[in-house]
Amino acid sequence: MEFAGWTVTVTHKPIRKMYLRVHGATGAVSVSAPVALADWDIRQFIENHRDWIDQRRAQAEAERFRIPGFTDGAALTVLGQHWTIRVQSGASRRSAVSGNATVTFHIKTDDGPDQVQRLADRWIDEQILQAVEVLIGRYAGMMGVTPGPLAVRSMRSRWGSCNVRTGRICVNRALAWADPLLLEYIVVHELAHLIEPGHSARFYAVVDRHFPLRKRCEQELRRLSRTLV
């Protein structure tokens with residue numbers, strides 16, 4: 001069942017009452033309902049609990065977007081790609097080496113969690129920049145624009161930015177934990193600003209011409225914006 005942009009899984013069972021669940025790992029919503037109950041009644045039940053659902057889904061997204069602990073053997077997913085973390089102490093210089101779905105952080109003997117965190121942040125930024133470069137290679141020529149320097153940083157109020165004077169494009173580090181399609185949309189969005197600086201009808205026409213899934217991605221980004229810290 002579709003409800004307010006969510007997909008709600010409805011299971012009819014031989015029960016007398018309805019039960020609602022928001023799955024913590026994914027934020028998915030499911031309802032168990034009596035066998036003969038009409039869809040209208042189920043929708044009304046969901047509507048009556050909408051504030052609670054929104055709160056629980058926001059908590060689930062916050063957990064999913066929380067930067068993981070970078071410890072040996074931990075799992076990490078960046079831009080949809082799964083990695084296993086290895087931490088090796090005793091290196092003469094800090095470095096991050098990735099390959100075969102494993103990223104190894106080489107640290108010095110007396111390094112603590114803060115040094116591992118900074119090393120991991122730099123590695124994640126490199127993954128994002130590499131992905132952005134691929135996307136720019138795909139779209140910039142097609143759109144007839146030439147962007148300037150690229151950057152990644154944490155931002156509380158936006159997912160990306162473009163300096164139309166210098167062509168500098170910056171993307172939010174939090175996109176590392178999101179669906180890669182959202183990063184693709186942000187890149188197209190910021191490149192479009194090199195054609196049309198403001199958010200005019202012409203601007204959105206440019207974006208829609210090159211990225212037909214704009215509205216879907218904008219809806220998802222609005223939902224995820226509450227997880228930014």
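Structure shown above.
Residues numbered from 1 in each chain as written. Predicted model: local features only at pLDDT ≥ 70, side-chain atom pairs only at ≥ 80, totals over all residues. Heavy atoms only, no water.

Novice: What am I meant to see in the sheet that holds strand E5 (residues 75–78) here?
Specialist: Two strands in a sheet stick together by hydrogen bonds in their backbones, pointing the same way (parallel) or opposite ways (antiparallel). Spatial strand order, E5-E6-E8-E7: four strands in an open sheet with mixed pairing. Each edge of the open sheet is held by one strand with a lone partner, namely E5 and strand E7 (95–99). The sheet shows a mean angle of 30° between the axes of neighbouring strands, direction not considered. Alignment of E5 against strand E6 (residues 81–89), held across four bridges, turns out to be antiparallel. Across the sheet, the residue bridging to Thr 77 is His 82, located in E6. Across the sheet, helix H3 (residues 113–143) lies against E5, E6, E7 and strand E8 (102–107), angled at about 140° from E8, the strand it touches most. (Pairing = 2+ DSSP bridges. Helix = DSSP H or I, 4+ residues; strand = E, 2+ residues; numbered from the N terminus. Axes fitted to C-alpha atoms, helices over the stretch in contact; angles between N-to-C directions. Contact = heavy atoms within 4.5 Å.)

Novice: I tried to follow the packing of helix H4 (residues 180–192) against helix H5 (residues 201–210) on my own but got confused; where do I start?
Specialist: Packed helix pairs are characterised by how far apart their axes lie and by the angle those axes make with each other. Remark: H4 packs on H5, axes separated minimally by 9 Å, with the N-to-C direction vectors making an angle of 140°. The orientation of H4 relative to H5 falls into the category oblique. Helix-helix and strand crossings are classified by hand; for H4 and H5 the assignment is right-handed. Contact residues: H4 offers Tyr 185, Val 188, His 189 and Ala 192, while H5 offers Phe 203, Val 206, Val 207 and His 210. Looking at the contact of H4 with H5 residue by residue, the classes come out as six nonpolar, two polar and no charged. (Parallel < 35°, antiparallel > 145°, perpendicular 65-115°, else oblique. Left-handed = near helix turned anticlockwise from the far one by under 90°. Nonpolar A, V, L, I, M, F, W, Y, C, P; charged D, E, K, R; others polar.)

Novice: Quick question: what am I supposed to make of the environment of Arg 21 here?
Specialist: Here Arg 21 shows up in strand E3 (residues 19–22). Of the residues examined, Arg 21 reaches a relative accessible area of 52% and is grouped as exposed. Distance from Arg 21 to Val 31, taken between C-alpha atoms, is 6.4 Å for residues ten residues apart in sequence. Sequence-distant contacts of Arg 21, defined by excluding residues within four places in its chain, comprise Ala 28, Val 29 and Ser 30. (Buried < 20%, exposed > 50% of the residue type's maximum accessible area, 1.4 Å probe, protein only.)

Novice: What's the story with the packing of aromatic side chains in this structure? I'm lost.
Specialist: Two aromatic rings are characterised by how far apart their centres lie and by the angle between their planes. Here the structure, examined in full by the defined rule, presents four aromatic pairs. With 6.3 Å between their ring centres and 80° between their planes, Phe 105 and Trp 123 make a pair best called edge-to-face. Taken together, the positions of Phe 105 in strand E8 and Trp 123 in helix H3 put the pair 18 residues apart, joining distant regions of the chain. Taken together, a centroid distance of 5.0 Å and an interplanar angle of 80° make the contact between Phe 203 and Tyr 204 edge-to-face. Using a relative accessible area of 0% as the deciding quantity, one classes Phe 203 as buried. Linked through ring pairs, Trp 83, Phe 105 and Trp 123 together constitute an aromatic cluster. (Phe/Tyr/Trp six-rings, centres within 6.5 Å; stacked < 30°, edge-to-face > 60°.)

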